[in-house]
Amino acid sequence: MSRPDLPAPVADWFAAKGWAPRRHQLEMLDVARAGAHGLLVATTGAGKTLAGFLPTLAELIEHPTDGLHTLYVSPLKALAVDVQRNLLTPVAEMGVDIRIETRTGDTPSDRKARQRIKPPNILLTTPESLSLLLSYPDSFTMFEGLKTIVVDEVHAFATGKRGDLLSLCMARLQRIAPDLRRVALSATVADPDGYRAWLAPDGDIDTVTLVQGEAGAPPNVAILLPQGRVPWSGHSGRYAAEQVMAEIELHKTTIVFCNTRALAELIFQDLWKVNAMNLPLGVHHGSLSLEARRKVEAAMADGRLRGLVATASLDLGVDWGDVDCVIQMGAPKGSSRLLQRIGRSNHRLDEPSEAIVVPGNRFEYLEARAALDAVEAGELDADVFRMGALDVLAQHIMACACAAPFEQSSLLDEIRSALPYSALTDTLFDQVLGFVRDGGYALKAYDKFKRLTQDADGIWRVSLPKFVAQHRLNAGIIVEATMLSVRFANGRTLGRVEEAFAATLSPRDTFFFAGLSLEVERIDTESIVVRATSRPARIPSYGGARMPLSTNLADRVRHFLAEPEQWRRFPDDVREWLEVQQVRSVMPHPGQLLVETFPREGRHYMVAYSFEGWNAHQSLGMLVTRRMETQGLKPIGFVSNDYALACYGLTPITDPAALFSRDILEDEFVDWVQQSSLLKRAFREVAVIGGLVERQIPGKRKTGKQVSFSTDLIYDVLRKYEPGHVLLQAAWADARARMTDVGRLADLLDRAADTMLHVDLERISPLAVPVLTLIGREHVAQGLADDALLIEAETLAAEAMRLD
């Protein structure tokens, strides 16, 4: 398809490549020329990036300007670098004078300063860097001529705190440049209208035109089955290392995705041990140093690696054309995530992407099959839009104050034009503003919290210049678990591990990291000093890395259990597992909550098959065992996976319904959260984001212990003297929504009484084997764990599968 209205350099470039612009690329150009906002949903390999930038290129060729024309916002620093490469090359080939630059946390400070005075035509950045730019007085001149903002991979962050920050930034940009056009791009969106509303000024969905890309060739996705049997337990797929290595040998370049950083390190070691051909392999995850990540990315871009083991750090947008296979270790946890990862393979729209899923156990086989069915049906995971976070709002108010004094009602109107904050009440805004002003009622006596002052004429301004510097040094939404750097004695840094893991290490201990076996020489407040070793090693543990099972896949697995006609699609051992379960116990219908009770070796077990994900089950396990205690059931402990929760104690549970009543969320839940470290951890995050506690002060960075100590003190003061403080509200919202999946918990408890199917058995059932195998895992000596678990699983399975 050719268009006479394409500028000559663009039309000539397409012709020289032997290409024609795709329909959705030209539609995005039409949307821009009509002055409308646009959302493009198109599969990976369909030229989304070019579609997003085509109107910008056309406008800059037809009407050249010296100033900033287009902002491109991406969720990943690496993605901005990648798009710079993919955009710079076409622009250079077109021979047009368009300046394109990147601005992230890694950009040198001298370039950042120059960009504010003489910005490029196109600036590629992240939400956090954009927020910082808006905190400068010269932001009003820098952005006054801005024509377009392009939000890439919008699904990756619109519904979270980074999306809240970006929506507030867009509201400010729209105030500075009223004719600003908003554009968003994504490959995996289940609810386009939800994203149109999020993107639109004032949530006015009709101002955003939806453009759908052409469907690509359907992906070729397979489930890799082990050479023996699908395992009873585990979640990593490590048993398949030799088979995965064989796939790497067959393909040009393979990305092996893992769901956690620790698993990525494990899988890399497993593959290296069976790498008989000595092929070049790499590992990539967010805890590695920037230098290490860049080195691996460059090796991939140059085609020097045959296999790369990676985490979600490479889920998005990195376009390496030579990748011809993607392998997912363990179940994908969601169909959208699987589609996104499949999209890393074969960036050509008319050729099928090739992907392989390696399930870790029998339930994960069902989940993998559910994910493949969902992908085939075009069914994506639901997107949950929510009220904007208050700690993010506090940070944004401070950024606005750093840029210029403001009038309260005017700023509130601007904030309400961002959809996540459209329902913000005057009272709640006053509370957040009061917190930014002086810390709130319980903290206002301390000068260190008096950041804002109101003039006699009602105008708000920053009290002292030091608060401006403090904001810019500490702004940001991502609050990582406290990390220690891992480095050699000569100073070379390999990356970082969490403080909680570092606390378990002593000199001479060993662990795997960055593909190496390392021995600890010493540990100080900020780093672990190591040397390379050939001794066996432990693995770093990264908290908060558990991905929840999506409700869409959970529902499909429930249907599998209740539909025996589906079972013929499954491997023999999986089918036999389900058939024996049906004979020995029951199979729950999709709406039922099956609870089995049985004795084993002097203990009494209760297993609930609720399919609500690991986070919800962990929280429920805490609550149920507390209630067992009060009912005299002498609980010993609990274990859970994504599919089931198993509690065990010394007394039989004859009435499980009493343990699952709705009031557990009003009584045990509130008490548990307040007594546990859960709320304190959440408070630490919101205190950092809200600007109450500094992560960094000029010349040095606080250690995690110093930040935790500061926030714990403030938390105790607020709990005692101001329990309604805005940051405690924000911490509760975080603790409930993110750390416990409390929404899924509430749904489960709401239906438990009416849908519970209690089956009392003489011994363990087949369905219970995968979760019971987890008991004692943490007590098994490192290195012996896999063998011991294998023996335990086979013993449990033999009991469960007997038909007598």
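About the cut-offs
- Residues numbered from 1 in each chain as written.
- Predicted model: local features only at pLDDT ≥ 70, side-chain atom pairs only at ≥ 80, totals over all residues.
- Heavy atoms only, no water.
- Helix = DSSP H or I, 4+ residues; strand = E, 2+ residues; numbered from the N terminus.
- Buried < 20%, exposed > 50% of the residue type's maximum accessible area, 1.4 Å probe, protein only.
- Contact = heavy atoms within 4.5 Å.
- Core = buried A, V, L, I, M, F, W, Y, C linked by side-chain atoms within 4.5 Å.
- Pairing = 2+ DSSP bridges.
- Salt bridge = Lys/Arg side-chain N within 4 Å of Asp/Glu carboxyl O.
- Axes fitted to C-alpha atoms, helices over the stretch in contact; angles between N-to-C directions.
- Parallel < 35°, antiparallel > 145°, perpendicular 65-115°, else oblique.
- Left-handed = near helix turned anticlockwise from the far one by under 90°.
- Nonpolar A, V, L, I, M, F, W, Y, C, P; charged D, E, K, R; others polar.
- pLDDT = per-residue confidence, 0-100.
- Phe/Tyr/Trp six-rings, centres within 6.5 Å; stacked < 30°, edge-to-face > 60°.
- Lys NZ or Arg CZ within 6 Å of the ring centre and 35° of its normal.
- Expected span 1.5 Å × (residues − 1).
- Disulfide = S-S within 2.5 Å.

**Overview of the overall build of the chain**
Link 1 in the chain: Scanning the chain from N- to C-terminus turns up 29 helices and 28 strands.
Link 2 in the chain: Burial status across the chain gives 58% buried among its 804 residues.
Link 3 in the chain: Considering only contacts within the chain whose residues lie at least 6 apart along the sequence, 73% involve residues at least 24 apart.

**Description of the nonpolar core**
Link 1 in the chain: With 108 residues, the main nonpolar core has Leu-130, Phe-143, Ile-149, Ile-397, Phe-660, Phe-683 and Leu-692 as its most contacted residues.
Link 2 in the chain: By residue number, the principal contributor to this core is helix 15 (residues 390-403), which donates 9 residues.
Link 3 in the chain: Excluding residues within four positions of it along the chain, Ile-397 makes contact with Phe-406, Leu-411, Ile-415, Phe-429, Val-432, Leu-433 and Val-436.
Link 4 in the chain: Of all hydrophobic cores here, the second largest spans 65 residues; its members include Val-323, Phe-570, Trp-577 and Met-801.

**A closer look at the sheet that holds strand 16 (residues 459-462)**
Link 1 in the chain: An order of 14-16-15 is seen for the 3 strands of this open sheet, with the pairing classed as antiparallel. Each having just a single partner strand, strand 14 (406-407) and strand 15 (452-454) make up the two edges of the open sheet.
Link 2 in the chain: Inspection of the sheet shows strand 14 paired to strand 16 by 2 bridges, in the antiparallel sense. Across the sheet, Glu-407 pairs through a bridge with Ile-459, a residue of strand 16.

**Some words on the pattern of salt bridges**
Link 1 in the chain: Under the defined criterion, the tally for this structure stands at 29 salt bridges.
Link 2 in the chain: Residues Arg-508 and Glu-519 are paired through a salt bridge, measuring 3.5 Å at the closest nitrogen-oxygen approach. With Arg-508 in the loop between helix 19 (499-502) and strand 19 (510-513) and Glu-519 in strand 20 (residues 516-523), this residue pair connects regions lying 11 residues apart in the sequence.
Link 3 in the chain: Judged by relative accessible area, which is 5%, Glu-519 ranks as buried.
Link 4 in the chain: Glu-601 serves as the salt-bridge partner of Arg-600, at 3.6 Å between the closest nitrogen and oxygen.
Link 5 in the chain: Look at Glu-601 and you get exposed, because its relative accessible area is 69%.

**Comments concerning the packing of helix 15 against helix 18 (residues 465-474)**
Link 1 in the chain: One way to put it is that helix 15 packs onto helix 18 with a least axis distance of 10 Å and a crossing angle of 130°. Taken together, the axes of helix 15 and helix 18 lie oblique to each other. Helix 18 is crossed by helix 15, and the crossing has left-handed handedness. Facing Gln-395, Met-398, Ala-399 and Cys-402 of helix 15, the residues of helix 18 in contact are Phe-467, Val-468, His-471 and Arg-472.
Link 2 in the chain: Of the residues contributing to the contact of helix 15 with helix 18, the split by class is 5 nonpolar, 2 polar and 1 charged.

**Details of the confidence of the model for the chain**
Link 1 in the chain: The predicted model of the chain averages 84 in pLDDT, with 86% of residues at 70 or higher.
Link 2 in the chain: A low-confidence stretch, residues 541-545 stays under pLDDT 50, and its non-local contacts, those more than four residues away or across chains, total 13 contacts.
Link 3 in the chain: Within the model, pLDDT remains below 50 along residues 778-787, and this stretch shows 4 contacts once partners closer than five positions in the same chain are excluded.

**What to know about unusual backbone geometry**
Link 1 in the chain: The backbone phi angle of Asp-202 is positive, close to 60°, even though this residue is not glycine.
Link 2 in the chain: When you line up the elements, Asp-202 lands in the loop between helix 9 (192-199) and strand 7 (208-212).
Link 3 in the chain: A relative accessible area of 57% means that Asp-202 is categorised as exposed.
Link 4 in the chain: Phi is positive for Lys-634, which is not a glycine, with a value near 50°.

**Quick notes on the packing of aromatic side chains**
Link 1 in the chain: What the rule picks out here adds up to 16 aromatic pairs.
Link 2 in the chain: Ring geometry for Phe-363 and Trp-577: centres 5.1 Å apart, planes at 85°, overall edge-to-face. Residue Phe-363 is found in helix 14 (residues 362-376), and its partner Trp-577 is found in helix 21 (residues 572-584); the two are separated by 214 residues along the sequence. The exposure classification of Phe-363 matches that of Trp-577, with both residues buried.
Link 3 in the chain: Cluster of aromatic residues (ring-pair linked, three or more members): Trp-232, Phe-363, Trp-577, Phe-611 and Tyr-643.
Link 4 in the chain: Geometry around Tyr-136 places Arg-116 over its ring, the cationic atom sitting 3.7 Å from the centre.

**Thoughts on the sheet that holds strand 6 (residues 181-186)**
Link 1 in the chain: The sheet built from 7 strands is open, its strands ordered 3-4-2-5-6-1-7 with parallel pairing. Of all the strands in the sheet, just strand 3 (100-103) and strand 7 have a single pairing partner and so form its edges. Here the average twist between neighbouring strands, direction ignored, is 15°.
Link 2 in the chain: Of the strand pairs in this sheet, strand 3 and strand 4 (residues 122-125) are connected by 4 bridges, and their pairing is parallel. Within strand 4, the residue paired with Arg-103 across the bridge is Thr-125.

**Let's talk about the pairing of strand 25 (residues 645-649)**
Link 1 in the chain: With respect to burial, strand 25 is a largely interior element, 5 of its 5 residues being buried.
Link 2 in the chain: Judged by which residues are buried, strand 25 turns out to be covered on both faces: Leu-645, Cys-647 and Gly-649 on one side and Ala-646 and Tyr-648 on the other are all buried.
Link 3 in the chain: Bridge count for strand 24 (residues 635-640) against strand 25 is 5 bridges, and the pairing is antiparallel. Residue pairing in the sheet places Phe-638 in a bridge with Cys-647 of strand 25.
Link 4 in the chain: Once strand 24 ends, the chain turns through 4 residues before running back antiparallel as strand 25.

**Description of helix 17 (residues 426-438)**
Link 1 in the chain: Over its 13 residues, helix 17 extends 18 Å from the first C-alpha to the last, a length consistent with the 18 Å expected when each residue adds 1.5 Å.
Link 2 in the chain: Positioned one or two residues after helix 17, Gly-439 has a phi angle of 90°, which is positive.

**Quick look at the side chain of His-24**
Link 1 in the chain: Its place among the elements puts His-24 in helix 2 (residues 23-33).
Link 2 in the chain: Those residues in contact with His-24 that sit more than four places away from it in its chain are Leu-40, Ala-42, Ala-46, Gly-47, Ala-51, Val-211, Gln-212, Gly-213 and Glu-214.

**With respect to the packing of helix 14 against helix 21**
Link 1 in the chain: Contact geometry for helix 14 and helix 21: axes closest at 10 Å, N-to-C directions at 110°. In terms of axis orientation, helix 14 runs roughly perpendicular to helix 21. Taking contact as the criterion, the partners of Arg-362, Phe-363, Tyr-365 and Leu-366 in helix 14 are, on helix 21, Asp-573, Val-574, Trp-577 and Leu-578.
Link 2 in the chain: Residues belonging to the contact of helix 14 with helix 21 are distributed by class as follows: 6 nonpolar, no polar and 2 charged.

**Description of the state of the cysteines**
Link 1 in the chain: Inspection of the entire model under this criterion finds 0 disulfides.
Link 2 in the chain: Residue Cys-400 stays outside any disulfide, its sulfur separated by 8.2 Å from that of Cys-169, the closest cysteine.

**Details of the environment of Pro-9**
Link 1 in the chain: Of note, Pro-9 is situated in helix 1 (residues 8-17).
Link 2 in the chain: Judged by its relative accessible area of 24%, Pro-9 is partly exposed.
Link 3 in the chain: If near-sequence neighbours (up to four positions away) are discounted, Pro-9 is found in contact with Ile-61, Met-94 and Val-96.

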